[in-house]
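Structural overview
What follows is each chain in one-letter form.
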Amino acid sequence: MSSSVKETFKDAGVVPAETRPSPAPPAPAALAAKVRTLAPTMTRSMQRVAETVAGDPAGCAALTVTGLAERTGTSEATVVRTSRLLGYPGYRDLRLALAALAAQQAAGGAPAVTADIAVDDSLVDVVAKLAQEEQQCLADTAAALDVTQLEAAVAALAGARRIDVYGIGASNLVGQDLAQKLLRIGLIAHAHADPHLAVTNAVQMRTGDVALAITHSGRTTDVIEPLRVAFDHGATTIAITGRPDGEIAAYADHILTTSTARESELRPAAMSSRTSQLLVVDCLFIGVAQRTYETAAPALSASYEALAHRHSPRANQR
């Protein structure tokens with residue numbers, strides 16, 4: 001990033017991504033969600049460590065770094081790297097989280113359960129399994145969401161001159177939902193599905209604007225590129241992603257991490273990630289509406305009144 005852009009960030013009180021403080025370690029209850037989210041990006045040895053600690057927190061909390069390495073057939077270095085990837089400064093911090101999680105489970109906390117949908121499942125089973133998966137996904141996302149990052153994102157959106165939202169496919173549907181909500185409370189917000197148009201608009205972003213990207217994988221080029229351009233032009237940038245260590249993080253001032261249910265043949269990532277993305281979007285919208293209530297409430301009422309006749313055709317004919 002150029003020195004002039006850095007000075008612009010400094011003047012605007014925005015912390016560039018390379019100097020952004022590390023997020024707080026995840027809460028103990030979020031550990032299983034973190035493992036599910038990051039496991040696909042880990043090496044096989046790191047996966048063994050992560051899955052072992054998530055599956056037996058009480059047993060692993062009693063192990064030294066050497067003991068856990070022996071139990072998982074890995075090395076001490078792998079255990080430490082896994083701890084850091086999961087969001088903990090070191091293995092000692094992970095052990096403390098495991099002990100706390102074990103205490104919660106002993107007190108009656110239900111373990112995370114996943115249930116794949118089979119091709120021959122009845123619709124009754126489908127409804128039950130989807131409800132269970134999505135409830136777990138929402139709980140995992142809420143537990144893992146960094147409230148400090150959320151508050152910063154809300155503040156940026158509430159004070160933005162204009163807001164651009166980038167997303168492709170299912171993520172664009174979530175982006176449209178956010179943009180429409182913000183428009184109804186009087187903010188200037190647009191969701192871009194066309195990657196070329198997104199970059200063209202990003203070039204016009206300036207300090208005081210906000211660019212928000214939605215990508216579960218954290219490496220969707222058509223989403224990263226406009227966010228990078230907006231970032232380089234001084235806009236405050238926000239990423240909603242299931243991979244906080246993905247490429248998108250390099251251009252995001254604020255990162256909001258989502259969880260996802262376990263994928264299956266009939267439930268791909270685009271479907272399972274949407275639920276958690278919508279939760280984060282709703283949190284952002286409510287936060288912004290609270291901060292801008294004096295203008296948001298009248299704007300929302302005006303939009304309801306403007307559309308009321310479309311919901312009451314008989315009354316309109318009188």
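Up top is the structure.
This structure is a prediction, so every number in the text was calculated from the model and none was measured.

Pairing is possible between side chains that carry opposite charge, provided their charged atoms lie close to one another. Applying the stated criterion across every chain yields a total of eight salt bridges. When the shortest N-O distance is used, the salt bridge between Asp56 and Arg71 registers 3.1 Å. Note that Asp56 is positioned in the loop between α3 (44-55) and α4 (57-61) and Arg71 in helix α5 (residues 65-72), a separation of 15 residues in sequence. A relative accessible area of 44% places Arg71 in the partly exposed class. Measuring nitrogen to oxygen at the nearest pair gives 2.9 Å for the salt bridge that ties Asp121 to Lys129.

Quick look at the nonpolar core now. In this structure, Ile163, Leu182, Leu256 and Leu284 are the most contacted members of the largest nonpolar core, which totals 30 residues. Counting only elements with at least two residues in this core, the list comes to α9 (147-158), β1 (163-167), α10 (170-184), β3 (210-215), β4 (236-241) and α13 (269-291). What Ile163 contacts, discounting residues up to four positions off in sequence, is Leu157, Leu182, Leu187, Ile188, Ala189, His190 and Val210.

It is at 8 Å that the axes of helix α11 (residues 195-202) and helix α12 (residues 221-232) come closest, and there the two elements cross at 10°. When the interaxial angle is binned, α11 and α12 end up roughly parallel. Contacts between α11 and α12 pair Pro195, Ala198, Val199 and Ala202 from the former with Asp222, Glu225, Pro226, Val229 and Ala230 from the latter. In terms of residue class, the contact of α11 with α12 is built from seven nonpolar, no polar and two charged.

Of all the six residues making up β3, six are buried; the element is thus mostly covered by neighbouring parts of the structure. Of the two faces of β3, the one holding Val210, Leu212 and Ile214 and the one holding Ala211, Ala213 and Thr215 are both buried throughout. Pairing of β1 with β3 involves five bridges; the strand directions are parallel. When the bridges of β3 are listed, Asp164 appears paired with Ala211. Each parallel crossover has a hand, and for β3 linked through α12 to β4 it is right-handed.

What follows deals with the packing of α3 against α5. One way to put it is that α3 packs onto α5 with a least axis distance of 10 Å and a crossing angle of 105°. For the element pair α3 / α5, the angle class is roughly perpendicular. Across the interface between the two elements, Arg48, Val49, Thr52 and Val53 from α3 touch Leu68, Arg71 and Thr72 from α5. Class assignment of the residues belonging to the contact of α3 with α5 gives a composition of three nonpolar, two polar and two charged.

Along the polypeptide, Thr141 turns up in helix α8 (residues 123-144). Ignoring any residue separated from it by four or fewer positions in sequence, one finds Thr141 in contact with Thr257, Thr258, Ser259, Ser276, Leu279 and Val280.

With that settled, the discussion passes to the sheet that holds β1. Read across the open sheet, the five strands follow the order β2-β1-β3-β4-β5; overall the sheet is parallel. Only two strands of the sheet have a single neighbouring strand rather than two, namely β2 (189-192) and β5 (254-257). In this sheet, neighbouring strand axes are inclined to one another by 15° on average, regardless of whether the strands run parallel or antiparallel. With four bridges joining them, β4 and β5 adopt parallel strand pairing. Bridge pairing in β5 places Thr241 opposite Thr257. Against the sheet, α11 engages β1 and β2, with an angle of about 150° to β1.

Quick notes on the rules
- Residues numbered from 1 in each chain as written.
- Predicted model: local features only at pLDDT ≥ 70, side-chain atom pairs only at ≥ 80, totals over all residues.
- Heavy atoms only, no water.
- Salt bridge = Lys/Arg side-chain N within 4 Å of Asp/Glu carboxyl O.
- Helix = DSSP H or I, 4+ residues; strand = E, 2+ residues; numbered from the N terminus.
- Buried < 20%, exposed > 50% of the residue type's maximum accessible area, 1.4 Å probe, protein only.
- Core = buried A, V, L, I, M, F, W, Y, C linked by side-chain atoms within 4.5 Å.
- Contact = heavy atoms within 4.5 Å.
- Axes fitted to C-alpha atoms, helices over the stretch in contact; angles between N-to-C directions.
- Parallel < 35°, antiparallel > 145°, perpendicular 65-115°, else oblique.
- Nonpolar A, V, L, I, M, F, W, Y, C, P; charged D, E, K, R; others polar.
- Pairing = 2+ DSSP bridges.
- Right-handed = clockwise from strand over helix to strand, strands pointing away.

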